[in-house]
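In case you want the letters, here they are:
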Amino acid sequence: MPHNLLAQIENNIQKLTSQGLKSLVVFDLDSTLFDVSPRLERILMDFAQKEEFILKFPDQIAFFKNIKVLPTDWGIKAALGRAGLQEPFLDFQAEVTAFWQEHFFSNHYLQYDRPIDGAIEFVQSVAQAGADVAYLTGRDVARMGLGSEQILRKWGLPLNEKAQLNLKPHKSMDDAEFKTDWFVDVQNKSYQKIYFFENEPVILHRMAEKCPAVECIFLDSTHSGKAHPPENLPRLINFLKNRHPNHLKK
Ligand SMILES: [Mg+2]
């Protein structure tokens, strides 16, 4: 087993390409290619700047100077708790949660996301090696389509007929259903090999049931906590190669 999983994948793609065979590498966006913690933090900081909230929740807003969202946070609860806001302030929590949801799932704040280390270079290199690329995200077209496209271009990620962005047609769709249905469809397109990088265990478990031929790689960044991380998949914390070992196999 080669030491470096990412190098192994690149080599395999090169080999398939040289044999005239098609390969596909699929990437989730949030918490797979991008660290969303700067987006979360910016939304909370903007909440604390709004006059209506300063007037309504002066005691809670005072704690916002302590807020730091970590890459391992999922949602805002942990960051609020660390800042000293762990009490159940019901009105406040309802307002801050609504503000977070409205803005997290919107085009505007995507500009604050940061690529996971090595992510841009890895996507570029698999495209260079001849693989088709797909970005497969639970973001929906209406709220986040335009911003997602702009951000991919801003970071130099390939976006063309061989590298396509796939968003949910409607926000009400279930992420795991949407993604596995997409794979069921794409499996008919004569790919010799399909890889999928994803951080959400719920989706990876569903993939194992519905699309076992797809080789899944678990990004151990952060996730919903709705399912246990898959134990039988390769696990990455970033896309860096040739440095410290960045994955743990089984
Ligand atoms: Mg994700």
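Analysis parameters
Residues numbered from 1 in each chain as written. Predicted model: local features only at pLDDT ≥ 70, side-chain atom pairs only at ≥ 80, totals over all residues. Buried ≥ 20, exposed ≤ 12 C-beta atoms within 10 Å, placed from the backbone. Helix = DSSP H or I, 4+ residues; strand = E, 2+ residues; numbered from the N terminus. Pairing = 2+ DSSP bridges. Right-handed = clockwise from strand over helix to strand, strands pointing away. Domains from an automatic or database assignment. Contact = placed C-beta atoms within 7 Å. Nonpolar A, V, L, I, M, F, W, Y, C, P; charged D, E, K, R; others polar. Axes fitted to C-alpha atoms, helices over the stretch in contact; angles between N-to-C directions. Left-handed = near helix turned anticlockwise from the far one by under 90°.

S.K.: What is the right way to read the pairing of strand β7 (residues 215-219) from this model?
M.R.: A regular strand places its side chains so that they alternate between the two faces of the sheet. With four of five residues buried, β7 lies mostly within the body of the structure. Note that strand β6 (residues 193-198) and β7 share four bridges and pair parallel. Within β7, the residue paired with Tyr195 across the bridge is Glu215. Regarding the hand of the β-α-β motif, the stretch spanning β6, helix α10 (residues 201-210) and β7 is right-handed. By the bridge criterion, two bridges tie β7 to strand β8 (residues 235-236) in an arrangement that is parallel. Among the inter-strand pairings, Leu219 is bridged to a residue of β8, identified as Leu236.

S.K.: Help me understand the domain arrangement of the protein chain, please; the structure alone is not making it clear to me.
M.R.: One frequently used descriptor of interface size is the decrease in accessible area upon assembly of the parts. When the domains of the protein chain are assigned, the result is domain 1 (5-35 + 113-248) and domain 2 (37-111). Placing a centre on the C-alpha atoms of domain 1 and another on those of domain 2 gives a separation of 29 Å. In this complex, domain 1 contributes 14 residues to the contact, which on the side of domain 2 involves 13 residues. Among the elements that make up the side of domain 1 that touches domain 2, the one with the highest residue count is helix α8 (residues 141-154) (six residues). Split into classes, the residues belonging to the side of domain 1 that touches domain 2 amount to three nonpolar, seven polar and four charged.

S.K.: Can you walk me through the packing of helix α9 (residues 175-186) against α10 in this structure?
M.R.: Any two packed helices are characterised by how steeply their axes cross, that is the angle between the axes, and by the distance between the axes. At a closest axis distance of 9 Å, the pairing of α9 and α10 adopts a crossing angle of 35 degrees. The hand of the α9/α10 crossing is right-handed. For the pair α9 and α10, contact is made by Asp175, Ala176, Lys179, Thr180, Phe183 and Val184 and by Val202, Ile203, Arg206, Met207 and Lys210, respectively.

S.K.: Got a minute to help me understand unusual backbone geometry in this structure?
M.R.: Trans is the common state for peptide bonds, and a negative phi is the common state for residues other than glycine. Despite not being glycine, Ser31 has its phi angle at roughly 65 degrees, a positive value. Assignment of secondary structure puts Ser31 in the loop between β1 (23-27) and β2 (34-35). Exposure remark for Ser31: the 23 C-beta atoms within 10 Å place this residue in the buried category. In this structure, Ser190 takes a positive phi of about 60 degrees despite not being glycine. Assignment of secondary structure puts Ser190 in the loop between α9 and β6. Given 7 C-beta atoms within 10 Å, Ser190 falls into the exposed group.

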